[in-house]
Amino acid sequence: MLHLMPELPEVEIVCRGLAMALEGRRLTRVELRRPDLRRPFPADFAARLQGRLVVRVARRAKYLTLWLDDGWVLLGHLGMSGRMLVGPADHAPPGKHDHVRFETDDGQQVIYQDPRRFGLMDLVAGERLAEHPLLEGLGPEPLDDAFTPAVLSAALASRSGPIKTALLDQRLVAGIGNIYAVEALFRAGIAPTRMARTVAGRRAERLVPALKAVLLESIAVGGSSLRDHRRTDGELGYFQHSFAVYDREGQPCPDCRCSDGIRRIVQGGRSTFYCPKRQR
Ligand SMILES: [Zn+2]
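**Notes on the domain arrangement of the protein**
Splitting the protein by domain gives domain 1 (8-131) and domain 2 (149-229 + 240-274). Just the C-alpha atoms count here: the centres of domain 1 and domain 2 sit 30 Å apart. Counting residues at the interface gives nine residues for domain 1 and 10 residues for domain 2. Looking at side-chain class alone, the side of domain 1 that touches domain 2 contains four nonpolar, one polar and four charged residues.

**Things to note about the nonpolar core**
By size, the foremost hydrophobic cluster in this structure holds 62 residues, and its most contacted members are L18, L185 and L207. Taken domain by domain, the makeup of this core includes at least three residues from each of domain 1 (8-131) and domain 2 (149-229 + 240-274). Apart from the residues lying within four places of it in its own chain, the contact partners of L185 are I163, K164, I190, P192, Y274 and Q279.

**Describing the sheet that holds strand β8 (residues 120-125)**
Spatial ordering of the open sheet is given by β2-β3-β4-β8, a layout of four strands whose pairing is antiparallel. One side of each edge strand has no neighbouring strand; the edge strands of this open sheet are β2 (54-60) and β8. Taken over all neighbouring pairs, the strand axes of this sheet differ in orientation by 20° on average, direction set aside. Pairing between strand β4 (residues 72-77) and β8: six bridges, direction antiparallel. Of the residues in β8, the one forming a bridge with H77 is L120.

**Quick notes on helix α5 (residues 178-188)**
Counting buried positions along α5 yields 10 of 11 residues, so the element is predominantly enclosed. Just past α5, the residue G189 takes up positive phi, approximately 70°.

Thresholds, definitions, all that
Residues numbered from 1 in each chain as written. Predicted model: local features only at pLDDT ≥ 70, side-chain atom pairs only at ≥ 80, totals over all residues. Domains from an automatic or database assignment. Contact = placed C-beta atoms within 7 Å. Nonpolar A, V, L, I, M, F, W, Y, C, P; charged D, E, K, R; others polar. Core = buried A, V, L, I, M, F, W, Y, C linked by C-beta atoms within 7 Å. Buried ≥ 20, exposed ≤ 12 C-beta atoms within 10 Å, placed from the backbone. Pairing = 2+ DSSP bridges. Helix = DSSP H or I, 4+ residues; strand = E, 2+ residues; numbered from the N terminus. Axes fitted to C-alpha atoms, helices over the stretch in contact; angles between N-to-C directions.

The structure is reproduced here in structure tokens:
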């Protein structure tokens, strides 16, 4: 079974959609429909946001950050099933899973919808954002120029355990989800079971561009449809293009077409798919 949850590219697409809707806009009305998601909302959440101007919308790992004109930041995470629905303010009765509604001074609204309620929202002073317990200790952004093969192999040098598991560790690199780790290792020709500390030199030089490429390609897929469907940006981009190996157990490898096909194993409780012939 394929579980679709927001990963870095999806969060980046949501971030861009929110930036279009909210940057430079004042929050004229904020409505909260329940006291908590994964954790309680901060005290006076709606009142503290109401009237504020959104200066900037950004992303750190899989967290969204809305920078406000009073120096505070709304820190958000979509959890397993959170979506941001952007459209004209309609004041329709809220849906069962519509937990927060933000209305802006240009007559638009953003509804946060989250059936499983693993998402979260917090308010943090901007200058202390990096120290927030959820953000401190996060590794580099994979798409930053500062994330290089040398940086990755230095971080891997002291690790025990396989490379696949290491890539999912948010302290090593922030925001690489299971699908992206699996697909990048296939492209780089690296076995997911290879000891992480041996991924250096040419292997690291293949893996870093592979990670960046799978992330950028899926952002581009979602980003191209975002332009036409502003209302439903939260729904788009859930890595719709076909995977080379992910969720393809037993199927022929798209690269070497070996007869054994794609193999599935479980590492750290997560499914890994790979070609034992191509990936070493
Ligand atoms: Zn193969």
